[in-house]
Amino acid sequence: MSLATIAQTLVFGVFVGSIYGIAALGLGLVFGVMRVLNVAHGELLMIGGYVSFWLFQLVGLDPLVSLLILGPVMFVLGTVLHKLLYTHVVRQGTESKIKNSLLISFGLILILQQTAILLWTGDERTVQTAYTGRTLALAGIVLPYTRMANLGIGLLAVIALHLFLHRTYFGKAIRATAEDWEAATLAGIDVQRVYLVTFAIGTALAGVAGALVTMGYGVTPTIGLPWTLKALVVVVLAGTGSIMGAFPAGLLLGMAEAGSALVIGAEYGQVVGLVIFLLVLLVRPQGLFGKGGLRSA
Amino acid sequence: MLEVREVDVFYGDLQALWGVSLTINQGEIVVLVGPNGAGKSTLLRTIVGLHRPAAGSVLLDGQPIHTIPAYQIVARGIVLVPEGRRLFGSMSVLENLEVGAFTARARHEKNKTLQRVFETFPILAERKHQIAATMSGGQQQMLAIGRALMGLPRLLLFDEPSLGLAPIVVENIFDVVQAVNQSGVTVLLVEQNVHAALELAHRAYIVEQGRVVGQGTGSELLTDANVRQAYLGYSPEAAAQ
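The present account deals with the structure reproduced in this document. (Residues numbered from 1 in each chain as written. Chains lettered and ligands numbered in written order. Predicted model: local features only at pLDDT ≥ 70, side-chain atom pairs only at ≥ 80, totals over all residues.)

## With respect to the overall build of chain A
The following threshold applies: Labels follow the DSSP assignment, with helices taken as runs of H or I lasting at least four residues and strands as runs of E lasting at least two, numbered in each case from the N terminus. Here the radius of gyration uses the C-alpha set of atoms, whereas the globule reference equals 2.2 Å times the residue count to the power 0.38. Put simply, a residue is buried when 20 or more other C-beta atoms lie within 10 Å of its own C-beta and exposed when 12 or fewer do; between those, it is partly exposed, and each C-beta is set from the backbone. Note that contacts rest on C-beta atoms placed from the backbone: two residues are in contact if these are within 7 Å.
When you go through chain A residue by residue, the secondary structure sums to eleven helices and two strands. Secondary structure elements of chain A, listed N to C terminal, follow the sequence α-α-α-α-β-β-α-α-α-α-α-α-α. Taken over the C-alpha trace, chain A has a radius of gyration of 19 Å; the compact-globule value for 297 residues is 19 Å, and the two agree within 12%. Considered along the principal axes of its C-alpha atoms, chain A spans approximately 60 × 45 × 35 Å. Within chain A, the fraction of its 297 residues that count as buried is 49%. Considering only contacts in chain A between residues 6 or more positions apart, those separated by 24 or more positions represent 77%.

The following block contains the structure:
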């Protein structure tokens, strides 16, 4: 096995991992702030993928450019879904909140999936841009343009979210609410509004991930669940207390899967991811980037 | 300024407050005295809107506030320093203070208020970039009070501010409560350190088993035989000897 092969594999791992990272960023944000597990996150990703596809197909918008439309569209979809489905749930106690939000989002999976099949059939849709399949060769390593765009968009999304959460007043309110919603209320923060905006941002991030998936792989109505699972693994890897840790954890999972495909065979790539997941839960249950114990109360 | 009228509060099926009434006048320090589980914290939490009364009303300057959401009550100028401090532990000192000034009114005055809070608590200015959870208990309590002051309270409620703190820090906290009051903020204080609290108080209420069972000025209650026996550790037998 040559050094170039190893480097090539890891680079592809990073590219895949950047999509894992964005998918997990949205799921982790919603879970970290609202303590609601949205298992329909993958279906929101799927919807985002179709929006991106149709904007390309009907209007001819490049999938990277159309992110500027897709983001706001998904944000609005998120606010609508939250108002319809989650507003009442998030007021409940922790335990019934988790249970009811699971039930609701399982229902949402069925609805979104069936709607997508009805509207757009089960055919796989892909986006073929002028640069799809074009590559850049750097020191013997092949770098496809679309994959580099994945990484670039992923980094942009992470940096934007980080700046929003740390530099703006509303972002600080979101972090405060994630830590202690009651203390946040006592500071004059409308936590219901925080939840609404958080869910909408999570939906927008799912949509961005969906656009990247469509660009790199293609979209069908049933891609949702595997992506939810992948995002969940990454969120737990990062630690549920560490919202921003999702992106590096995603990159790590991508590289681990790619590396293991090289060493023990591609069919075991998924298994290795799950083994890492179990190991982390055993050895470091607070996650790789979690702060451990501080937020257990 | 604040009037609590015949308030009943339930936790599920359990009634925690039974027809509780009290009044707080502008500029006062009012203390709530009573055993653990008497409902003192529940009363504070009801005033700031975290609990809804099943009956009765809470009036601020004659306006009912028990029907509006808790976050809007903060904007009306009532702020609670909650029991156990409840800081945003992974955020910095400065961020905790900033979040304290979230309401539009407080945000407008943020820089001025921050200056004042830093003058009151120089330690917070020194450590403004430190992560809140890594500070000592006393410093965390200062931050909790600072965060509440950032909300520009007219009425500041303290729930057990000295709980779990070293005696020398406790003294400091009482000085702060007094200083806050002298700066024009009305204070409602729940405190297990009854003696020190009554010395500070203009008036006090005794709360037992969810009911107000007595009231008086601070000095009246300090010399009241029942209060001395129940809360200040004097037994009549010992006094007689």
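## Some points on the interface of chain A and chain B
Interface size is commonly expressed as the accessible area that is lost once the parts come together. Rule in force here: In this count, Pro and Cys sit with the nonpolar residues alongside Ala, Val, Leu, Ile, Met, Phe, Trp and Tyr, while Asp, Glu, Lys and Arg are called charged and the others, Gly among them, polar.
With 16 residues of chain A at the contact, the number on the chain B side is 22 residues. Elements with a contribution of two residues or more to the side of chain A that touches chain B: α6 (169–179) and α7 (181–186) of chain A. When residues of the side of chain A that touches chain B are assigned to their parent elements, the largest contribution, five residues, is made by α6 of chain A. Across the side of chain A that touches chain B, the residue classes break down as seven nonpolar, two polar and seven charged.

## Let's talk about helix α2 (residues 41–59) of chain A
Residues and elements named next belong to chain A. Put simply, the rule is: One less than the number of residues in a helix, times 1.5 Å, gives the span that helix is expected to have.
The terminal C-alpha atoms of α2, which comprises 19 residues, lie 26 Å apart, in line with the 27 Å expected from a rise of 1.5 Å per residue. In terms of residue burial, α2 counts as a mostly covered element, since 15 of its 19 residues are buried. One or two positions beyond α2, positive phi appears at Gly-60, with a value near 80°.

## Looking at the nonpolar core
For clarity, the cut-off: As used here, a nonpolar core is made of buried Ala, Val, Leu, Ile, Met, Phe, Trp, Tyr and Cys residues. They are joined through C-beta atoms within 7 Å.
One finds Ala-23, Val-208 and Val-234 of chain A to be the most contacted residues of the largest nonpolar core, which totals 167 residues. Examining the composition of this core, we find that 16 residues originate from one element, helix α1 (residues 3–34) of chain A, more than from any other.

## Observations concerning the sheet that holds strand β8 (residues 186–190) of chain B
All names here are of chain B. Rules: A pair of strands is labelled paired if DSSP reports no fewer than 2 bridges between them. The axes are straight lines fitted to the C-alpha atoms, using for helices just the contacting stretch, and the angles between their N-to-C directions are given from 0 to 180°.
The strand order across the open sheet built from six strands is β6-β7-β8-β3-β9-β10, with neighbouring strands paired in mixed fashion. Two strands close off the open sheet at either side, each with one partner strand: β6 (78–81) and β10 (211–217). Pairwise comparison of adjacent strand axes, ignoring direction, gives a mean angle of 20° for this sheet. For β6 and strand β7 (residues 155–159), the ladder comprises four bridges, and the chain directions are parallel.

## Quick look at the environment of Thr-121 of chain A
Residues and elements named next belong to chain A. Inspection of the secondary structure puts Thr-121 in the loop between α4 (94–120) and β1 (135–138). The class for Thr-121 is exposed, based on 11 C-beta atoms found within 10 Å. Taking the C-alpha atoms as reference points, Thr-121 and Val-80, separated by 41 residues in sequence, lie 25 Å from one another.

## Structural notes on the packing of α1 of chain A against helix α10 (residues 246–264) of chain A
For any two helices packed against each other, the geometry comes down to the angle between their axes and how far apart the axes lie. Residue and element names in this part refer to chain A. Condition: Should the near helix be turned counterclockwise from the far one by less than a right angle, the crossing is left-handed, whereas a clockwise turn marks it as right-handed.
Interhelical geometry of α1 versus α10 gives an angle of 140° and a closest axis separation of 6 Å. The interaxial crossing formed by α1 with α10 has right-handed handedness. Of the residues in the contact of α1 with α10, the class split is 17 nonpolar, nine polar and one charged.

## Digging into the pairing of strand β2 (residues 14–24) of chain B
All names here are of chain B. Sheet topology places strand β1 (residues 2–11) next to β2; seven bridges connect them, and they run antiparallel. Looking at the pairing, Val-4 lines up with Leu-22 of β2. The turn joining β1 and β2, which pair antiparallel and follow one another in sequence, is formed by two residues; a positive phi near 60° is taken by Gly-12.

## Structural notes on unusual backbone geometry
Residue and element names in this part refer to chain B. Although it is not a glycine, Arg-85 sits at a positive phi angle of roughly 70°. Tracing the backbone through its elements, the reader meets Arg-85 in the loop between β6 and α3 (93–100). Positioned with a positive phi, Leu-152 is a non-glycine residue whose angle comes to about 50°. Structurally, Leu-152 is set in the loop between α7 (137–150) and β7.

## Examining the sheet that holds β2 of chain B
Residue and element names in this part refer to chain B. Read from one edge to the other, the open sheet built from four strands follows the order β2-β1-β4-β5, with strand pairing classed as antiparallel. Every interior strand has two partners, whereas the edge strands, β2 and β5 (63–64), have only one. Bridge count between strand β4 (residues 55–60) and β5: two bridges; the pairing is antiparallel. Among the inter-strand pairings, Leu-59 is bridged to a residue of β5, identified as Pro-64. Packing against the sheet, helix α1 (residues 40–47) makes contact with β1, β2 and β4, and its axis sits at approximately 65° to β2.

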